[in-house]
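In case you want the letters, here they are:
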Amino acid sequence: MTHDHRHDADYASRDAAIAINTYTTVLKRPQVPHEVFATYWRDVHGPLCSRVPGLGWYVQYHLDREQDAHLWPAQAGIEPFPDYVLDGGVEIGFADAADQATFNEASSILFSDEQNMFAATIAYALPHGSRTLVDRIVDPSPNGNDAFDRMHIHFGPGAKYPDAFAAFMTAFAETLAADPALLRVRLHLPEVYDNGDPAPPAPDVAHTVPPERERLAILDLTFATPLVRRRFFASDVFSDTVEAQKQHIGHVTAFAVSGMYTYVRDKTLTLAGLRGSRPAQLIERLGAVNQADEAVRHLMLTGRLD
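Quantities reported herein were computed from a predicted structural model and do not represent experimental measurements. (Residues numbered from 1 in each chain as written. Predicted model: local features only at pLDDT ≥ 70, side-chain atom pairs only at ≥ 80, totals over all residues. Heavy atoms only, no water.)

What is the right way to read the pairing of strand β1 (residues 20-28) from this model?
Along any regular strand the residues' side chains alternate between the sheet's two faces. A large share of β1 lies buried, amounting to 8 of its 9 residues. Relative to strand β3 (residues 88-94), β1 is paired through 7 bridges, and the arrangement is antiparallel. Opposite Y23, over in β3, you have E91 as the bridge partner. Pairing analysis gives 8 bridges linking β1 to strand β4 (residues 118-126), with the strands arranged antiparallel. (Buried < 20%, exposed > 50% of the residue type's maximum accessible area, 1.4 Å probe, protein only. Helix = DSSP H or I, 4+ residues; strand = E, 2+ residues; numbered from the N terminus. Pairing = 2+ DSSP bridges.)

Below you can see the structure in the form of structure tokens.
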């Protein structure tokens, strides 16, 4: 466990290669125990997805249903999304449209696996990519081995001025990113979701949302610790945004991130993508450098020693 970050550094530019992406919300099947779901997603589905051609970026965010009661400050007039429970979020990204088309052409082998663990998945399209405003965390490819205070907050305009919603969320994210309490701020402003064109097209998995969740903004925030987070929410910087929040936001629900697992970065398999998340953690914990050797990587990818 580590808090490896630098307040005098910013690694946000390393995400610029992700030109196109999707943010997918996931809900597990109720009959599947959580530990079985999490293990399958990390170590079976994750490596399968990682190998689909065209993929440039693949990250799983596992969400914790037992959340901090103070994860996000409640504001009068801003309601939680009704009946909104999630078990995870996924970022899948591409360097360009050609790579995305390659992935889409081959992705049926991936989507047929979703029915084993997911009750519902909703892929929100980001054809112009997302924006990392600041990233002070050294590790470019986390595999669940840090102790940062991570969260995803989902916002919707409700009945409040949808045309001004995206502009406000951009300005709001910029305000947060300017404060040193925030180690990472990544903003997703996807296109309005169309229930008539459900995505992803995974069989026997639900892909529809209620009207209040057709238009979302997602803030991916990281603090060093919950104490730092609580102090920031009590600060003048945050308090000064409250009236504007009330004007532009109709719904908000926060989700605690229990683990961030990176399988593909810059079109290259990470150790988690190659071997599975938990095996990669074991290799790192034991310092098994032979397992990270290029000859072993070649063998695992091709089944050949040459």
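That shown, we press on.
In this structure, what is going on with the layout of surface pockets? I would like to understand it.
Rolled over the atoms, a probe as big as a water molecule pinpoints where empty space is left. What the largest pocket holds in volume is close to 520 Å³. Lining the largest pocket are 30 residues, and of these T22, T24, A123, A199 and P200 sit closest to its centre. When contributions to the lining of the largest pocket are tallied by element, the ones reaching two or more residues are β1, α1 (34-50), β3, α2 (97-106), α3 (108-111) and β4. With 5 residues, β4 is the single largest residue contributor to the lining of the largest pocket. Of the residues in the lining of the largest pocket, the class split is 19 nonpolar, 7 polar and 4 charged. Each pocket or cavity is described by its volume, and for the second largest pocket that value is around 250 Å³. Taken together, 15 residues make up the lining of the second largest pocket; nearest its centre are W72, P80, V252, T253 and A254. (1 Å grid on protein atoms, 1.4 Å probe; cavity = no way out; pocket = protein on both sides within 12 Å on 5 of 7 lines; lining within 4 Å. Points joined across faces, edges and corners; volume = space filled by probe spheres on them. Nonpolar A, V, L, I, M, F, W, Y, C, P; charged D, E, K, R; others polar.)

Is there a simple way to explain the nonpolar core in this structure?
Among soluble globular proteins, nonpolar side chains are generally buried collectively. Counting residues in hydrophobic clusters, the biggest one holds 31 residues, and the most contacted among them are W72, F155, V185, L219 and L221. The set of elements that each furnish at least two residues to this core consists of β5 (131-135), β6 (149-156), α4 (162-177), β7 (182-188), β8 (217-223), α5 (226-233) and β9 (251-265). Ranked by the residues each element gives to this core, the list is headed by α4, at 7 residues. With residues up to four places along the chain from it excluded, the contact list for F155 reads W72, F81, F165, M169, F172, R215, L216, A217, L219, I249, H251 and V252. (Core = buried A, V, L, I, M, F, W, Y, C linked by side-chain atoms within 4.5 Å. Contact = heavy atoms within 4.5 Å.)

Can you help me understand the environment of H154 in this one?
Within the element layout of this structure, H154 appears in strand β6. For H154, a relative accessible area of 0% gives the class buried. Distance in space between the C-alpha atoms of H154 and I249 is 10 Å, their sequence separation being 95 residues. Those residues in contact with H154 that sit more than four places away from it in its chain are Y23, T25, F81, Y84, L86, L216, A217, I218, H251, V252, T253 and F255. In this structure the side chain of H154 is engaged in a polar contact, spanning 3.0 Å, whose partner is the side chain of Y84. (Polar contact = N/O pair within 3.5 Å; in protein donor to acceptor, adjacent residues only side chain to side chain.)

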